[in-house]
Amino acid sequence: MRVDLLLGLQWGDEGKGKIVDVLTGNYDIIARFQGGPNAGHTLEFDGIKHVLHTIPSGIFHPTATNLVGNGVVIDPVIFRRELEKLEDFPIDVRKNLLISRKAHLILPTHRLLDAASEASKGKAKIGSTLKGIGPTYMDKTGRNGLRVGDLELPDWKERYRALADKHEKMIHFYDVDIQYNLKELEAEFLEALENLRQLKFIDSEAYLHQALADGKKILAEGAQGSLLDIDFGTYPFVTSSNTTAAGACTGLGIAPGSIGEVFGIFKAYTTRVGSGPFPTELFDEDGATMGRVGREFGATTGRPRRCGWLDLVALKYAVKVNGVTQLMMMKADVLSGFDTIKVCTAYHYKGEKITHLPYTLEAEHLTPIYTEMKGWKEDLTGMTAEDQLPTALQQYIAFLERELDTPVRIVSVGPDRVQTIQR
Ligand code: GDP
Ligand code: IMO
Ligand code: MG
């Protein structure tokens, strides 16, 4: 048995939550392997919309086990709010939601450090979600972090205190104006930890190895997107974890040879939230239309997402870095009504035409070269089968499959579970 991966190929918000929910029926275990509450994964079914941040997107299926893996960073306060939102549903979280002992905890002071770091950068800020992601992963790699399993040890409170005290000194070092009441934040944190303790903490790598031996089917759910990867993304405007396929191995403790299908998910166009280069970004009416029709607002922060045409140069790179075996194209419905669809197939870069992703994507050196394709007018949102899709869209898909040398297996035509066409 193998572990299949589902990964975002752009700058996040590709629709991972929706597709994990759609695919969960085929799996026994859904496992998140990196990121934390910077993620916002949206699911829609039965007229209800849910946004998950840390909890895997298989949680609404009563037979699936959902695992928060060792590579994830957990904010107990946000986690508690997420759990409370699930209370209206018949979900047994004691049974269906497991937490890795090796997952790191986001402390209130990590969030403050994130804010202080961003404030100190001024215009050069990353546009972080301010959830404390960077500082928590820094403490992980700096070997200072507090892990979920530490909560079972007698001295965890002293360790917490020592780390939080150190963070306070670091916040002062930034010398920026950040207002906070640490006593209140700590009280909320400690209360949320008690809540977290109601869940089962496990040695998740051993659990997954046994599950594989027992023939269980596992889907690893990525967060963020490949271009936000700490190594392969548009550094420094990235997140602090490996969002690409290799991150699933380190974030779950599974061997490369255990990986089966790699599902790569992308929007029919491109969006980005936060700062950083975005070669195909549109500042015109077309970009505004994508944002309006696609309801492009961050699921975690509510910030408007920047929109632009599909960047095939970047997408090819993401397909290669991840070893994608199947593609899923999302939000095709949002492009209905455009006379022409543009796809970036190369860049003008420092006087040359290139078809690979260069070291830096900054606009002063780089302009996108577009291929234009015929658009379509039909409303796709009620379509249920491939043969109903307009010819121009089918041509668009065929073009992408050729260019990316990978089949497109799912075309999503709306946010709801049922608005999903399998090919
Ligand atoms: P994720 O972070 O990758 O899970 O994606 P987000 O949930 O942050 O953003 C995707 C947004 O697009 C959500 O609001 C989804 O409900 C919505 N969505 C997903 N697929 C489709 C689709 O095919 N068409 C439209 N119109 N919306 C979609
Ligand atoms: P999902 O899983 C889109 C972006 C932030 C910022 C940068 C660093 O919903 O696709 P961080 O808080 O990680 O320090 O922010 O990464 N970012 C996301 N953008 N979707 C996400 O998650 C994101 N998680 C982080 O906007 O630019
Ligand atoms: Mg999102």
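As a starting point, this report considers the structure included with it. (Residues numbered from 1 in each chain as written. Chains lettered and ligands numbered in written order. Predicted model: local features only at pLDDT ≥ 70, side-chain atom pairs only at ≥ 80, totals over all residues. Heavy atoms only, no water.)

It is worth spelling out the sheet that holds strand 9 (residues 200-202) at this point. Ordered by their spatial adjacency, 10 strands build an open sheet running 9-7-5-2-10-1-11-15-19-20, and the pairing between neighbours is mixed. On the outer flanks of this sheet lie strand 9 and strand 20 (420-422), each paired with one strand and no other. The mean angle between the axes of side-by-side strands here comes to 25 degrees, regardless of whether they run parallel or antiparallel. Examined bridge by bridge, strand 7 (residues 97-100) and strand 9 share 3 bridges and lie parallel to one another. Across the sheet, residue Ser100 finds its bridge partner in strand 9, namely Ile202. (Pairing = 2+ DSSP bridges. Helix = DSSP H or I, 4+ residues; strand = E, 2+ residues; numbered from the N terminus. Axes fitted to C-alpha atoms, helices over the stretch in contact; angles between N-to-C directions.)

Here the focus is the coordination of the magnesium ion (ligand 3). The magnesium ion (ligand 3) binds to the protein through Asp13 (OD) and Gly40 (O); the donor distances cover 2.1 to 2.2 Å. Of this pair, Asp13 sits in the loop between strand 1 (3-8) and helix 1 (16-23) while Gly40 sits in the loop between strand 2 (29-32) and strand 3 (41-45), and the two are 27 residues apart along the sequence. (Donors = N, O, S within 2.8 Å, 3.2 Å for Na, K, Ca; no water.)

With that settled, the discussion passes to the nonpolar core. In terms of nonpolar packing, the biggest core is built from 59 residues, with Leu5, Met329, Leu335, Leu393, Tyr396 and Leu400 touching the most fellow members. Ranked by residues supplied to this core, first place goes to helix 12 (residues 391-404) with 7 residues. Beyond its immediate sequence surroundings of up to four residues, Leu393 is in contact with Met329, Ala332, Trp376 and Leu380. Counting 32 residues, the second-largest nonpolar core is a separate cluster that includes Val77, Val148, Leu193 and Leu196. (Core = buried A, V, L, I, M, F, W, Y, C linked by side-chain atoms within 4.5 Å. Buried < 20%, exposed > 50% of the residue type's maximum accessible area, 1.4 Å probe, protein only. Contact = heavy atoms within 4.5 Å.)

With respect to spatial proximity, 20 residues lie near ligand 1, and among them Lys16, Gly40, Thr42, Asp333 and Ser412 are the closest. At 2.7 Å, a backbone N or O of Lys16 approaches an oxygen atom of ligand 1. Take Asp333: an N or O atom from its side chain is 2.7 Å from a nitrogen atom of ligand 1. Coverage of ligand 1 by the protein amounts to 94% of the 590 Å² it exposes when considered alone. Those elements that provide at least two residues to the shell around ligand 1 are helix 1 and strand 3. Among the residues making up the shell around ligand 1, the classes are represented as 5 nonpolar, 7 polar and 8 charged. (Near = heavy atom within 4 Å. Polar contact = N/O pair within 3.5 Å; in protein donor to acceptor, adjacent residues only side chain to side chain. Areas by Shrake-Rupley, 256 points an atom, 1.4 Å probe, with all protein chains shown as cover. Nonpolar A, V, L, I, M, F, W, Y, C, P; charged D, E, K, R; others polar.)

This part is about the site of ligand 2. As a structural note, the neighbourhood of ligand 2 is formed by 21 residues, with Lys16, His41, Thr129, Gln224 and Thr239 the closest of them. Ile126 places a main-chain nitrogen or oxygen 3.5 Å from an oxygen atom of ligand 2. Thr239 has a polar side-chain atom sitting 2.6 Å from an oxygen atom of ligand 2. Burial of ligand 2 by the protein amounts to 97% of the accessible area it has alone, namely 550 Å².

Looking now at the pattern of salt bridges. Evaluation of the coordinates by the stated rule reveals 22 salt bridges. With its nearest N and O atoms 2.9 Å apart, the salt bridge here joins Glu14 to Lys16. Of the two residues, Glu14 and Lys16, neither departs from the other in class, the shared state being buried. Residues Lys377 and Asp339 are paired through a salt bridge, measuring 2.6 Å at the closest nitrogen-oxygen approach. Placement of the pair is Lys377 in the loop between strand 18 (366-374) and helix 12 and Asp339 in the loop between strand 15 (326-330) and strand 16 (340-349), with a sequence separation of 38 residues. Comparing Lys377 with Asp339 shows no difference in burial state: the two are exposed. The network of salt bridges with common partners includes Asp13, Lys267, Glu296, Arg305 and Lys331. (Salt bridge = Lys/Arg side-chain N within 4 Å of Asp/Glu carboxyl O.)

Further remarks concern the environment of Gly251. Along the chain, Gly251 turns up in helix 9 (residues 245-252). If we skip the residues at most four places from it in the chain, Gly251 touches Phe33, Gly69, Asn70 and Gly71.

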